[in-house]
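Commentary on secondary and tertiary structure
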Amino acid sequence: MRSVAEEGGYRRAWLVPGGPLLVDGPIELQTPDGDVVRSDRFVVAVCTCRRSKRFPLCDTSHRKRVRNQDNG
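Residues numbered from 1 in each chain as written. Predicted model: local features only at pLDDT ≥ 70, side-chain atom pairs only at ≥ 80, totals over all residues. Heavy atoms only, no water.

This brings us to the overall build of the protein. Summing up its helical and strand segments, the protein has zero helices and five strands in all. Contacts in the protein between residues far apart in sequence, at least 24 positions, make up 19% of those at least 6 positions apart. Here the protein has roughly 6300 Å² of accessible surface; of this, 48% comes from carbon and sulfur atoms. (Helix = DSSP H or I, 4+ residues; strand = E, 2+ residues; numbered from the N terminus. Contact = heavy atoms within 4.5 Å. Areas by Shrake-Rupley, 256 points an atom, 1.4 Å probe, with all protein chains shown as cover.)

Encoded structure:
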């Protein structure tokens, strides 16, 4: 299977304010330490906050957690 780059095409990517980088998939990511992460999803969320337990993929850890307290 040829990559999009080999076929002269472009992958679409967009930043979510306060969230991940979304990339049209499937993709293959290489981390700074040389590990390769592959995802065959049609859109892949790449972590930009580095809080994800699944880094470099996003697990929504960037979302603020708010506890509901019943003031009854």
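Back to the write-up after that little detour.
Pairing of strand β3 (residues 27-30) with strand β4 (residues 36-39), which is carried by four bridges, proceeds in the antiparallel orientation. What sits directly across from Glu28, in β4, is Arg38. Taking the residues that link successive antiparallel strands as the turn, the β3-β4 hairpin has five residues, and the phi of Gly34 there is positive, at about 95 degrees. (Pairing = 2+ DSSP bridges.)

With five residues, the main nonpolar core is built from Val23, Ile27, Val44, Val46 and Leu57. Once you skip the residues sitting within four places of it in the chain, Val46 turns out to touch Pro20, Leu21, Val23, Ile27, Leu29, Pro56 and Cys58. (Core = buried A, V, L, I, M, F, W, Y, C linked by side-chain atoms within 4.5 Å. Buried < 20%, exposed > 50% of the residue type's maximum accessible area, 1.4 Å probe, protein only.)

We now examine the side chain of Ser39. With respect to the helices and strands, Ser39 occurs in strand β4. Residue Ser39 is classed as buried on the basis of its relative accessible area of 11%. Reaching out from Ser39, the side chain makes a polar contact with the backbone nitrogen of Arg41 at a distance of 3.4 Å. In this structure, Ser39 is in contact with Pro26, Ile27 and Val44, ignoring residues within four places of it in sequence. (Polar contact = N/O pair within 3.5 Å; in protein donor to acceptor, adjacent residues only side chain to side chain.)

This part covers the pairing of strand β5 (residues 43-46). Regular strands place side chains that alternate from one sheet face to the opposite one. Of the two faces of β5, only the one carrying Val44 and Val46 is buried; Val43 and Ala45 on the other face are not. Relative to β5, strand β2 (residues 21-24) runs antiparallel, the two sharing four bridges. Residue pairing in the sheet places Asp24 in a bridge with Val43 of β5.

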